[in-house]
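# Architecture at a glance
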Amino acid sequence: MTDQLSNRDARRLFLSRHGLSEPVHRKLTATQLEERIEQIGFVQVDSINTVARAHHMILHARNRTYRQKQLTKLIEKDRSMFENWTHDASIIPSQYFPYWRPRFRKTAARLRERWQKYRRPGFEAEAEAVLERISESGPVMARELGGDEPKQASGWWNWHPSKTALEYLWRTGVLAVSRREGFQKVYDLTERVIPEGHLADEPDEEAAIEWACRTAFARLGFATSGEIAGFWESISAAQAADWCRRNVGKGIRRIEVEALDGSKPREVFAVEDIFEQLEEVPDPLPVLRILSPFDPMIRDRVRANRLFGFDYRIEVFVPAAKRRYGYYVFPLLEGDRFIGRIDMKHLRQDGNVLHVTGLWLEPGVRFGKERGKALAAALDHQRRFCGADSVTFADGYLHLEG
């Protein structure tokens, strides 16, 4: 008979692995911030800035003493973090850089094939010219190159050839992001950015698969093979499935996880001592946290729904008239359950306020006095974090029926 993990314990373990069971007001040192990012694996970067950038909101949700300059220092001065791709652009511990080298080779082959398909000749020469410029003259931003170049009719967001070359060289590991000015990437040679100790080694394919699976398990605790493959998105689903099968009894076991809705438990893989580890996992604190839509714990929407009964979709690309909630709605996590979602925006040029346009509570969630105070406190922390002077609310913002 397969051992079963209760839904409550599954949520408790999952939140702990994602750094969401720790006190939110304990002073965060640079070392602790580095450890927190290593704990969750990576922090996604996104350009939308309705309140604050995704990577900053992800870290602020875990510790309200976090400040943006702390992450900037880790990336730009200490060089203990680098920016590249997981499932999307992300900030990643530099010690993991060797495991990105096989990924760089695969990305280079895929992008070259894509360019051939779209019949965009000359990009290899453009990349060589851009690389020569950076080698001789130092770091550049895209806006410093190709000012008179025509944009293309297809490809990466209609970028001009120099911008496309920069992104190609970055995605393939030849260049690295040295820093950002505003939100603009500044590119430099990788050997000038990544610490020398992380440049030398390159694992073979077997070692890369082993690392990807082991480290994903360490951060998820339990998962299907598809979820393991999707964590870093550096190996295929078939490779992850094969690794899981081969390692059952070698630190990995099969268990069943109870779903929140009481439906049939799902069989997953887990670390061998998962039930022993549960004894050390703390209960989530009864804190109301505002999460980024790109928070790693809800990145897999299907898993979030299965574990927490929270059906979340981001509606940025949904026409306004068809949105159920709003353009960029933030999940609300209270303890170990989601209680709702909130639509808000930092109106920087219109009174410098954090303006709440909608609050939708999940079915069965009451908006009593204590929960109202908790939300007010969370919004005030968010206000201070993004630099707004006050919090304002739209008429009729509260929706009680979820």
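Residues numbered from 1 in each chain as written. Predicted model: local features only at pLDDT ≥ 70, side-chain atom pairs only at ≥ 80, totals over all residues. Heavy atoms only, no water.

All right, on to the overall build of the protein then. Helices and strands together make up the secondary structure of the protein, namely 14 helices and 16 strands. The C-alpha radius of gyration of the protein comes to 22 Å, within 12% of the 21 Å expected for a compact globule of 402 residues. The principal-axis extent of the C-alpha atoms belonging to the protein is close to 60 × 60 × 40 Å. Taking all 402 residues of the protein together, 54% fall into the buried category. (Helix = DSSP H or I, 4+ residues; strand = E, 2+ residues; numbered from the N terminus. Rg over C-alpha atoms; globule rule 2.2 N^0.38 Å. Buried < 20%, exposed > 50% of the residue type's maximum accessible area, 1.4 Å probe, protein only.)

For the structure on display, the rule yields two cavities of 30 Å³ or more. Reported here for the largest cavity is a volume of approximately 50 Å³. Considering the residues around the largest cavity, the lining is formed by H60, A61, R64, R289, I290, A378 and Q382. The residue inventory of the lining of the largest cavity, partitioned by class, reads three nonpolar, two polar and two charged. Put simply, the second largest cavity is a space of about 40 Å³. If you go around the second largest cavity, the residues you meet are F82, E83, N84, F97, F104, W170, G173, L175, A176, T190 and I194. Of all elements in the fold, only β3 (81-85) and β6 (175-181) reach the threshold of two or more residues within the lining of the second largest cavity. In terms of residue count, β3 provides more of the lining of the second largest cavity than any other element does, three residues in total. (1 Å grid on protein atoms, 1.4 Å probe; cavity = no way out; pocket = protein on both sides within 12 Å on 5 of 7 lines; lining within 4 Å. Points joined across faces, edges and corners; volume = space filled by probe spheres on them. Nonpolar A, V, L, I, M, F, W, Y, C, P; charged D, E, K, R; others polar.)

Turning our eyes to something else, we now look at the side chain of D188. The residue D188 is located in strand β7 (residues 184-189) in this model. The buried category is assigned to D188, whose relative accessible area is 6%. At a separation of 2.9 Å, a polar atom in the side chain of D188 contacts the side chain of R192. Look past the residues within four positions of D188 in its chain and what remains in contact with it is I134, G138, P139, L175, A176, S178 and V193. (Polar contact = N/O pair within 3.5 Å; in protein donor to acceptor, adjacent residues only side chain to side chain. Contact = heavy atoms within 4.5 Å.)

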